[in-house]
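# Structure assessment
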Amino acid sequence: MNNQPLITRELLDQFGISLEGRDEASFIQHLNDTLEERIGAEITESLDDEQLKTLLELQEKGSDEEVGAWIDQNVPELQQITQDEIDILLGEVAENSDEINEAE
Amino acid sequence: MPVETIGSAPSHSPEDTENPGGIGTLNEMMDSPAETRDNRHPSPTGHALERTAQFLQERADRLQKRAVNKAHEEALNEYQSRDREGYADHMQALSSAANPNDEQREYATNRLVDERDAAHTEALKEYRERDRDDYIDHLAQLADNDNTNEASREFGQKELNREDRIESRRETREKAGRALRRFGRSALDRLMNAGLITAGMGILAAEATAGGVRSLREAHATRKSNAEASKAARKASAEAERERKRTEANAERQNRATAAAERRNKRRTSWAANRRRLGRFGRRTRAAGRAAKEAWKSFEDQI
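In this report, the structure presented in the accompanying data block is examined. Once a new chain begins, its residue numbering starts again from 1 and follows that chain's sequence as written. The order in which chains are written sets their letters, starting at A; the order in which ligands are written sets their numbers, starting at 1. Residues qualify for local features only when their pLDDT is at least 70, as the model is predicted, and side-chain atom pairs are given and counted only at 80 or more; totals for whole chains, interfaces and linings, by contrast, use all residues. Water and hydrogen atoms play no part in the side-chain values, which are based on all heavy atoms of the structure.

What follows concerns the overall build of chain A. The secondary structure content of chain A amounts to 6 helices and 0 strands. Numbered from the N terminus, helices here are DSSP runs of H or I no shorter than four residues, and strands are runs of E no shorter than two. The linear arrangement of helices and strands in chain A, starting from the amino end, is α-α-α-α-α-α. Look at the contacts in chain A between residues 6 or more apart in sequence, and 64% of them connect residues 24 or more apart. Only heavy atoms enter the contact rule, under which two residues are in contact if any of them lie within 4.5 Å.

Shown next, in the form of structure tokens:
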């Protein structure tokens, strides 16, 4: 299981975002948490009630691998959903990079 | 024949020469010293005029009073926002003053009560924001203290219940948030492992090199725009699919209901036909029975 975060310091550098003197690790963690939450929300939106109930039960008892496999099998547009959310979030970061730099 | 002149009977015609001023000088006539000698009853027209004038006067008085009260209210609100303590002192003085005007005293007392309630609510809010745990302890003490009055105990308990609900909702939201993040994390891991998704770094790195940070930002803005369009299209498609399924399900229910109604009608028709048939059979049977009884009676008589 690859637990590498998608949004990294290098990516922020490419956007020209500099967080010197501020809590950079928290900000990056926040971005990655936001991304995961949005993807998760889109996944649940695509499921019907029965499927969602099954997934929530699996989430309580199963491993990450089992949850991932179930989602893979039951969410046909998973790749498109995930890529769209990545692009949207990174677009927001790009749009607001000046404000992020100026914020204290 | 000469017309007999009628004596000086009361007349209220506008052309009345005894009252040359006519209707327009009604009030003046009422105020004049001559009024005391005038024991005439007002005519219907005069009576209506009096009533109308009185009504208009009362209405004007009410409007005037309302305008004054409104101006006073606005002045008090401005005072309250400008100097809250001074305002509260003013209301306190007004409510306890030896003021013959009960209405003013009651008004001031009510506003003072409102002001105290508002101040208390704000104080509690500030307490809650400053130290929520301590605030909840305070509520618990309030709810359990037998030495306080019933209203305070009820207030404490009500607020405790409210805090419980808030906490419960917060925990549920946190749990849901953790679940969503887990789903998202699982999806990301699988897709990144399979090399099926990217942060766009590889694709856009060339643009960044060539055009700098601004070019990269613009490129990401375009990707974001495309992604949002894709998401919107997906949602519209999902909604259309749900609508299609809803329509199909409704049509299916409609068909089943129609078929069931037809079956019911057939049953009822069949039962009615049976009753009629049995009715005829019953009538024939009864007729046959009566005939048999008659025949036997006749036979017995013969014997």
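From this point on, the discussion continues.
Salt bridge, as used here: a side-chain nitrogen of Lys or Arg that lies within 4 Å of a carboxyl oxygen of Asp or Glu. Using the criterion set out here, one finds 33 salt bridges over all chains in the structure. Across the pair K231 of chain B and E85 of chain A runs a salt bridge whose closest N-O atoms are separated by 2.9 Å. With one member in each of two chains, K231 of chain B in helix α7 (residues 201–302) and E85 of chain A in helix α5 (residues 78–95) form a pair that bridges those chains. An identical accessibility class is assigned to K231 of chain B and E85 of chain A; each is buried. Salt-bridge contacts for D189 of chain B lead to R185 of chain B; the nearest nitrogen and oxygen are separated by 2.6 Å. Of the two residues, D189 of chain B and R185 of chain B both sit in helix α6 (residues 150–193), 4 residues apart, roughly one turn of that helix. Side by side, D189 of chain B and R185 of chain B carry an identical accessibility label, which is buried. For the exposure calls, accessible area comes from a 1.4 Å probe over protein chains only, and a residue counts as buried if that area is under 20% of its type's maximum, exposed if over 50%, partly exposed in between.

Take α5 of chain A next. How far a helix is expected to stretch is found by multiplying one less than its residue total by 1.5 Å. Under the 1.5 Å per step criterion, the end-to-end length of α5 of chain A is 26 Å for 18 residues, consistent within 8% with the ideal 26 Å. With respect to burial, α5 of chain A is a largely interior element, 14 of its 18 residues being buried.

Below, the discussion takes up the nonpolar core. Buried together is how nonpolar side chains tend to be arranged in soluble globular proteins. With 34 residues, the main nonpolar core has L12, F15, I43 and I71 of chain A together with F183 of chain B as its most contacted residues. For this core, the elements supplying multiple residues, two or more each, are α1 (9–14), α2 (24–46), α4 (64–74) and α5 of chain A together with α6 of chain B. For this core, the element with the highest residue contribution is α5 of chain A, accounting for 7 residues. By size, the runner-up hydrophobic cluster in this structure holds 6 residues, among which are L124, Y127, Y135 and L160 of chain B. As used in this record, nonpolar core signifies buried Ala, Val, Leu, Ile, Met, Phe, Trp, Tyr and Cys residues forming a set joined through side-chain atoms within 4.5 Å.

Each partner contributes to the interface: chain A provides 52 residues, whereas chain B provides 34 residues. Accessible-area loss on putting two parts together, using a 1.4 Å probe and summing over both, is the definition of buried area adopted here. Taking both sides of the interface into account, the surface hidden between chain A and chain B amounts to around 4,100 Å²; carbon and sulfur atoms contribute 58%. At the boundary of chain A with chain B, the tally comes to 11 salt bridges. As a salt-bridge pair, E42 of chain A and K235 of chain B come within 3.2 Å of each other at their nearest N and O atoms. Identification of polar contacts relies on pairs of N or O atoms within 3.5 Å, with a donor-acceptor requirement for protein atoms, meaning one able to donate a hydrogen and the other able to accept it, and with residues adjacent in sequence counted only if both atoms are side-chain atoms. Our count for the contact surface shared by chain A and chain B stands at 15 residue pairs in polar contact (both at pLDDT 80 or more). Mapped onto the side of chain A that touches chain B, the elements with two or more residues apiece are α1, α2, α3 (49–61), α4, α5 and α6 (97–102) of chain A. Looking at the side of chain A that touches chain B element by element, the count peaks at 16 residues for α5 of chain A. Considered class by class, the residues forming the side of chain A that touches chain B number 20 nonpolar, 17 polar and 15 charged. Charged means Asp, Glu, Lys or Arg here, nonpolar means Ala, Val, Leu, Ile, Met, Phe, Trp, Tyr, Cys or Pro, and polar covers whatever is left, Gly included.

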